[in-house]
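The lines below spell out each chain.
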Amino acid sequence: MILIVDDDNGVRMSISLALKRAGYEPLAVRDEASALEAVRDERVRLAILDMNLTLTTTGRDGVDMLRKFRILRPEMPVIMITAWGTIPLAVETLKYGAVDFMTKPWSNADLIAKVKKALRQSDADRRQAEHTETLDEMECEAIRKALRRCDGNLTEVARQLGISRQSLYRRIEKYKL
């Protein structure tokens, strides 16, 4: 599910339609309270967040909400969108964790490309986090590599690893090498 946060109903409908056509399930909300409630739903994989949710055009609404999103769901990618885009504003949102920045009016093709890219990166990051190599796995692999490099000469393997032969034997037994 992709969350769309914008105070303009026309923008919410347009982005929702573009996402539906691309095969995504949109969830469109108009205010901060609804957005914060939606972000807590683990099915939301990405947010498209307007910078200005009130009549002001400073972009503070979006920056403040982005910071709240990052607290609630730091792994969730957020694409910022605004009609009042400036380079300093874009840099600030990227500094706070937005993955991309778009200006209105937007190209649906660009929007979908940015969504796909952000979701691909998020999936890759999640897979990486799910399998962070343990210290034991790293040690086992280091011993395997040293054994291959030294053609099984345990004295040389122990020397290269900076451990005693006795420690090497214990580790070989531990890892069933």
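Starting afresh in each chain, residues are numbered from 1 along the sequence in its written order. Confidence filtering applies because this is a predicted model: local features only for residues at pLDDT of at least 70, side-chain atom pairs given and counted only at 80 or more, and all residues used for totals across whole chains, interfaces and linings. Side-chain numbers come from the whole structure's heavy atoms, not from hydrogens or water.

**Q** Provide a residue-level description of the overall build of the protein chain, including the pertinent values.
**A** Only DSSP runs of H or I reaching four residues or more are called helices, and only runs of E reaching two or more are called strands; each is numbered from the N terminus. Helix and strand counts for the protein chain come out as eight helices and five strands. Each helix and strand of the protein chain, ordered N terminal to C terminal, gives the series β-α-β-α-β-α-β-α-β-α-α-α-α. Atoms counted for the radius of gyration: C-alpha only. Globule rule: 2.2 Å times residue count to the power 0.38. Taken over the C-alpha trace, the protein chain has a radius of gyration of 24 Å; the compact-globule value for 177 residues is 16 Å, which it surpasses by more than 25%. Seen along its three principal axes, the alpha-carbon backbone of the protein chain occupies a region of about 75 × 35 × 30 Å. The cut-offs for exposure are 20% and 50% of the maximum accessible area for each residue type, with area from a 1.4 Å probe on protein chains only; residues under the lower value are buried, those over the upper are exposed, and the others partly exposed. Expressed as a percentage of the 177 residues in the protein chain, the buried residues total 38%. Residues count as neighbours in contact if any of their non-hydrogen atoms are within 4.5 Å of one another. Relative to all contacts within the protein chain whose residues are 6 or more apart in sequence, the contacts with residues 24 or more apart total 59%. Only the protein chains shown count as covering a residue, and every accessible area follows the Shrake-Rupley method with a 1.4 Å probe. A total of about 10,500 Å² of accessible surface is found on the protein chain, and carbon and sulfur atoms cover 53% of it. Think of it this way: Lys and Arg go in the positive column, Asp and Glu in the negative one, and His and the chain ends go nowhere. In plain terms, the charge of a residue is placed at NZ if it is Lys, CZ if Arg, CG if Asp and CD if Glu. Both charge centroids of the protein chain, one from 30 positive and one from 27 negative side chains, sit 4 Å from each other.

**Q** Please set out the pattern of salt bridges residue by residue, giving values where relevant.
**A** The term salt bridge refers to a side-chain nitrogen of Lys or Arg lying within 4 Å of a carboxyl oxygen of Asp or Glu. If you walk through the whole model with that rule in mind, you get 14 salt bridges. In this structure, K104 and D6 form a salt bridge, with 2.8 Å as the shortest nitrogen-oxygen distance. In this pair, K104 sits in the loop between β5 (100-103) and α5 (108-130) while D6 sits in the loop between β1 (2-5) and α1 (9-21), placing the two residues 98 residues apart along the sequence. Under the relative-accessibility criterion, D6 is labelled buried at 1%. Ionic pairing is found between D100 and K114, a salt bridge with its closest N-O pair at 3.1 Å. Of the two residues, D100 is situated in strand β5 and K114 in helix α5; the sequence distance between them amounts to 14 residues. Relative accessible area serves as the criterion here: at 18%, D100 is assigned to the buried category. Residues joined in a network through salt bridges with shared partners are D6, D50 and K104.

**Q** Explain the side chain of D100 to me, using residue names and the numbers behind them.
**A** There is a polar contact of 3.1 Å between the side chain of D100 and the side chain of K114. Residues contacting D100, with those up to four places away along its chain left out, are V78, I79, M80, L94 and K114. What qualifies as a polar contact is a pair of N or O atoms within 3.5 Å, subject to a donor-acceptor requirement within protein and to the restriction that residues adjacent in sequence count only when both atoms come from side chains.

**Q** Could you give an account of unusual backbone geometry, naming the residues involved and the relevant values?
**A** Residue P105 follows K104 across a cis peptide bond; omega there is -5 degrees. Summarising the element assignment, P105 is placed in the loop between β5 and α5. With a phi angle near 50 degrees, D151 is a residue other than glycine that sits in the positive phi range. Within the secondary structure, D151 sits in the loop between α6 (135-149) and α7 (154-161). A positive phi angle is found at K176, which is not glycine, with a value near 55 degrees. Its location among the elements puts K176 in the segment after α8 (165-175). By relative accessible area, which is 72% here, K176 ends up exposed.

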